[in-house]
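What follows is each chain in one-letter form.
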Amino acid sequence: IFSAFIFSTAVRSAEPESSLMLFQAIDERLAHMEDVALFKAQNQMPVEDIEREKIVLSDAKQLASSHGLDPDSMERFFIAQISAAKAIQYRYRAALLTREIPTRLVDLQAGIRPALDRLGNDIIVLFATVLHSRSAMEEQSRERFMNTLQSQLLADAEREAMFDAMLEVRRSQ
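All values reported here derive from a predicted model rather than from experimental measurement. (Residues numbered from 1 in each chain as written. Predicted model: local features only at pLDDT ≥ 70, side-chain atom pairs only at ≥ 80, totals over all residues. Heavy atoms only, no water.)

Novice: Can you tell me about the overall build of the chain, naming the residues and giving the values?
Specialist: Summing up its helical and strand segments, the chain has seven helices and zero strands in all. Its helices and strands taken in sequence order, the chain reads α-α-α-α-α-α-α from the N to the C terminus. For the chain, whose C-alpha radius of gyration is 17 Å, the value lies close to the compact-globule estimate of 16 Å for 173 residues. By the burial criterion, 44% of the 173 residues in the chain qualify as buried. Taking the contacts inside the chain whose residues are at least 6 apart along the sequence as the reference set, 83% of them involve residues at least 24 apart. On the chain, roughly 9,300 Å² of surface is accessible, and the fraction owed to carbon and sulfur atoms is 55%. Of note, the chain has its 20 positive side-chain charges centred 1 Å away from the centre of its 26 negative side-chain charges. (Helix = DSSP H or I, 4+ residues; strand = E, 2+ residues; numbered from the N terminus. Rg over C-alpha atoms; globule rule 2.2 N^0.38 Å. Buried < 20%, exposed > 50% of the residue type's maximum accessible area, 1.4 Å probe, protein only. Contact = heavy atoms within 4.5 Å. Areas by Shrake-Rupley, 256 points an atom, 1.4 Å probe, with all protein chains shown as cover. Lys, Arg positive; Asp, Glu negative; His and termini not counted. Charge placed at Lys NZ, Arg CZ, Asp CG, Glu CD.)

Following this line, the structure appears as structure tokens:
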């Protein structure tokens, strides 16, 4: 009984740290969106890439399932995250309309996309860690989440939508 208590206490004390790590991984993933937008602007590509979104969502659902998470609830979170990412890209592209497009080289295929894929995987693993001993993200974490996301191009409504979707992520039944 004592060992179970110690383990339970250790898991509970690790939860806030794993939640923060999850929030930081989401923030880091979104921090790449200005470079994604720059690459797309430099190469006259649209912000929306529906085929890539389908791949990201499919991969997220598959990985979520393998980590004991409900794939449909994870898909809803990734849809909210993709929407926030596109909003950042659109805002950055709009800002570029009034100034010259930067010439610094960014490589979507070899540089940015592998980082985004890694962070997407990390986010799912961190969700699994956070939900290991509870059934869902907790509302009391909303303010911490909102304060963790640093992008100036991200509106509070997008932060809220992502957190609302986070509240729905569940372990598999």
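Novice: Requested: an account of the environment of Ala-110, with residues and values cited.
Specialist: Tracing the backbone shows Ala-110 in helix α5 (residues 108-130). Each C-alpha atom of the pair Ala-110 and Glu-51 lies 18 Å from the other, and the pair is 59 residues apart in sequence.

Novice: Could you give me a rundown of the environment of Leu-153, with the residues and numbers involved?
Specialist: By the element assignment, Leu-153 lies in the loop between α6 (142-148) and α7 (156-168). A relative accessible area of 21% means that Leu-153 is categorised as partly exposed. Along the backbone, Leu-153 and Ala-87 are 66 residues apart, and their C-alpha atoms lie at a distance of 7.8 Å. If sequence neighbours within four positions are ignored, Leu-153 has contacts with Glu-34, Ile-88, Arg-91, Tyr-92 and Glu-158.

Novice: Please provide a residue-by-residue account of the pattern of salt bridges, values included.
Specialist: Evaluation of the coordinates by the stated rule reveals 15 salt bridges. Of the charged contacts in the structure, one is a salt bridge between Asp-72 and Lys-61, with a shortest N-O distance of 3.4 Å. On the criterion of sequence distance, the pair formed by Asp-72 in helix α4 (residues 71-96) and Lys-61 in helix α3 (residues 50-66) is long-range, its members being 11 residues apart. For Asp-156, the salt bridge goes to Arg-159, with nearest N and O atoms at 3.6 Å. You can see Asp-156 and its partner Arg-159 sitting in helix α7, three residues apart, about one turn around the helix. Residue classification places Asp-156 among the exposed residues on the basis of a relative accessible area of 53%. The class for Arg-159 is buried, based on a relative accessible area of 7%. Residues participating in the shared-partner salt-bridge network are Glu-139, Arg-142, Glu-160 and Asp-164. (Salt bridge = Lys/Arg side-chain N within 4 Å of Asp/Glu carboxyl O.)

Novice: Which residues make up the side chain of Ser-141, and what are the values?
Specialist: Along the chain, the position of Ser-141 falls in the loop between α5 and α6. According to the relative accessible area criterion, Ser-141 is buried, its value standing at 13%.

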